[in-house]
Amino acid sequence: MAGNDETLSQIFQKAEALFLELQKSSLPSNSDEFQSKVNTSINGFERSATMVRQLSLFSDNEFMEDISTKDLRFFLTEYYLGELFLKRTGQDQRLADLSTSKEHFDHFLLQCETHDILTPQDKKYHEQLTTNAPKDAATRRGEKIARFKREKEMRQQIEEFHKILGTTSGSGHEGEMSSEVEDQYRDFVLLHLQYAIFQTMEQLVGIQQEIPMLKEMAERKNAGPSDARVGSRNNDDARDGRVDSSTIWNAAGPLMDPQGRPLRPFMITNKRNEMMKGVFRPGHNLPTMTIEEYLDQEMERGNFLSGGTEEPKKKEADDNDEAAVDAETLKAREWDNFKDDNPKGWGNKGGRHG
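First, a word on scope: everything that follows refers to the structure included in this document. If you're wondering where the values come from, they're calculated on a predicted model, not measured in any experiment. (Residues numbered from 1 in each chain as written. Predicted model: local features only at pLDDT ≥ 70, side-chain atom pairs only at ≥ 80, totals over all residues. Heavy atoms only, no water.)

**Quick look at the overall build of the chain**
Counting secondary structure elements, the chain contains 12 helices and 0 strands. Traced from its N-terminal end to its C-terminal end, the chain shows the element sequence α-α-α-α-α-α-α-α-α-α-α-α. The burial tally for the chain puts 27% of its 354 residues in the buried class. In the form shown here, the chain has an accessible surface area of approximately 25,800 Å², with 51% of it arising from carbon and sulfur atoms. (Helix = DSSP H or I, 4+ residues; strand = E, 2+ residues; numbered from the N terminus. Buried < 20%, exposed > 50% of the residue type's maximum accessible area, 1.4 Å probe, protein only. Areas by Shrake-Rupley, 256 points an atom, 1.4 Å probe, with all protein chains shown as cover.)

If you want it as structure tokens, here you go:
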């Protein structure tokens, strides 16, 4: 086969190009075509790793300055393998793929540390990952923001190097290079390595979180149905803080154990809710009943008398009764005379005397 005559650079470049194509692919990750490309790229990088070992390109007593510029990019082989095994799908082999990916990432970091490529900042972060040292929320947030900014800066620098070197993607450079171009290309590959180290750290965090979950799922799957139900119920009780039935009648014992789990039932009153309502209530007293309810209540107490609300009807004089008609006429005439003698507003008002 002609493939057996390919050089290390050609094999690596083909596998890298396929990896970069997968990074930008819109294919579903679980499709046959996508997975076929993943396996093809894995095979290419595995061949590259084998040839790197056979050619003894890197010696443990060499530092970064001692390694040829064109050979530096082959450090990325283990990093690419770690990324590709994460892209493989299938629940049955997921745990094995994660373990394999972690091995490649660890090997890549070990190579970078051996040849003095890891920065002091990366070494410190790697030690924190391996020791799993606890951090407060503010520290984690600050580190996350700083690493996000650093990732953004490295991506921009990689794009700028591509423009300077006239390349489109990947870490390779074909043809002869002048000393100036070689220096630029060396800085470009080192930046690629720094970016790969950054991504490796982030991927290891996710792997460390996912592997214990998959192991627990495998244990539950291997256990019998009854054992799985019991274990699930115990875990749910621990998460929900439910009281163990064996201690439910121990009313004289403590309310909680040292871990904060309740040992016996207790009731939470609504006093706290009442206090919260009191904080956000207005300064004035709110009505406790409607006007209709108040009137009904007063009526029941007898504070309102029923009836007597209509005005008495005025007795009209009979037109046939002359005496009554004359009396009405005389009364109206006297009222008119009184109004003429006493205009409206007249009287002892404002200290005036008439």
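Read on, since the account is not over.
**As for the packing of helix α4 (residues 76–87) against helix α5 (residues 91–114)**
α5 packs onto α4 with a crossing angle of 160 degrees between their chain directions and a minimal axis gap of 8 Å. By the angle class used here, α4 and α5 are roughly antiparallel. Helix-helix and strand crossings are classified by hand; for α4 and α5 the assignment is left-handed. Two secondary-structure elements touch here, α4 through Leu76, Glu78, Tyr79, Leu81, Gly82, Glu83, Phe85 and Leu86 and α5 through Arg94, Asp97, Leu98, Thr100, Ser101, His104, Phe105, His107, Phe108 and Gln111. Among the residues forming the contact of α4 with α5, the class breakdown is 8 nonpolar, 6 polar and 4 charged. (Axes fitted to C-alpha atoms, helices over the stretch in contact; angles between N-to-C directions. Parallel < 35°, antiparallel > 145°, perpendicular 65-115°, else oblique. Left-handed = near helix turned anticlockwise from the far one by under 90°. Contact = heavy atoms within 4.5 Å. Nonpolar A, V, L, I, M, F, W, Y, C, P; charged D, E, K, R; others polar.)

**Concerning the nonpolar core**
Counting 50 residues, the largest nonpolar core has Phe45, Phe108 and Ile197 as its most contacted members. If you list the elements that add at least two residues to this core, you get α1 (8–24), α2 (32–55), α4, α5, α6 (120–131), α7 (137–165) and α8 (179–222). If we ignore the near neighbours within four places in the chain, the residues touching Phe45 are Phe12, Ala15, Glu16, Phe19, Thr77, Tyr80, Leu81 and Leu84. (Core = buried A, V, L, I, M, F, W, Y, C linked by side-chain atoms within 4.5 Å.)

**Digging into a nonpolar patch on the surface**
Taken together, Met289, Ile291, Tyr294, Leu295, Met299 and Phe304 make up a surface patch of nonpolar side chains, about 590 Å² in accessible area. Tracing the sequence through the fold places Tyr294 in helix α11 (residues 291–301). Judged by its relative accessible area of 41%, Tyr294 falls in the partly exposed class. (Patch = residues over 30% accessible without salt bridge, like charges linked within 9 Å, V, L, I, M, F, W, Y side chains within 5 Å. Salt bridge = Lys/Arg side-chain N within 4 Å of Asp/Glu carboxyl O.)

**Looking at the packing of aromatic side chains**
We describe a pair of aromatic rings using the distance from one ring centre to the other and the angle between the two ring planes. What the rule picks out here adds up to 11 aromatic pairs. Ring geometry for Tyr79 versus Phe108: centroids 5.8 Å apart, planes at 45 degrees, classification tilted. Of the two residues, Tyr79 sits in helix α4 while Phe108 sits in helix α5, which places them 29 residues apart along the sequence. Owing to a relative accessible area of 0%, Phe108 belongs among the buried residues under this scheme. Between Tyr185 and Phe188, the ring centres sit 6.3 Å apart and the planes meet at 40 degrees, which makes this aromatic pair tilted. Of the two residues, Tyr185 and Phe188 both sit in helix α8, 3 residues apart, roughly one turn of that helix. A relative accessible area of 1% places Phe188 in the buried class. By way of ring pairs, the aromatic residues Phe12, Phe19, Phe45, Phe74, Tyr79, Tyr80, Phe105 and Phe108 are connected into one cluster. (Phe/Tyr/Trp six-rings, centres within 6.5 Å; stacked < 30°, edge-to-face > 60°.)

**Comments concerning the side chain of Ser31**
By secondary structure assignment, the location of Ser31 is in the loop between α1 and α2. On the accessibility criterion, Ser31 (18% relative accessible area) is buried. A polar contact is formed between the side chain of Ser31 and the backbone oxygen of Pro28, at a distance of 2.7 Å. (Polar contact = N/O pair within 3.5 Å; in protein donor to acceptor, adjacent residues only side chain to side chain.)

**Overview of the pattern of salt bridges**
Within this structure, the stated rule accounts for 9 salt bridges. For Glu6, the salt bridge is made with Lys14, and the minimal N-O distance between the two is 2.4 Å. Exposure remark for Glu6: the relative accessible area of 18% places this residue in the buried category. One continuous salt-bridge network, built from bridges that share partners, spans Glu6, Lys14 and Arg47.

**Focus: the environment of Asp106**
Relative to the helices and strands, Asp106 resides in helix α5. It is 8.6 Å that separates the C-alpha atoms of Asp106 and Thr200, two residues lying 94 residues apart in sequence.

**What to know about the environment of Phe63**
Mapped onto the fold, Phe63 is located in the loop between α2 and α3 (69–72). Using a relative accessible area of 45% as the deciding quantity, one classes Phe63 as partly exposed. Along the chain, Phe63 and Glu113 lie 50 residues apart, while their C-alpha atoms are 9.6 Å from each other. Other than its neighbours up to four places away in sequence, Phe63 contacts His115 and Asp116.

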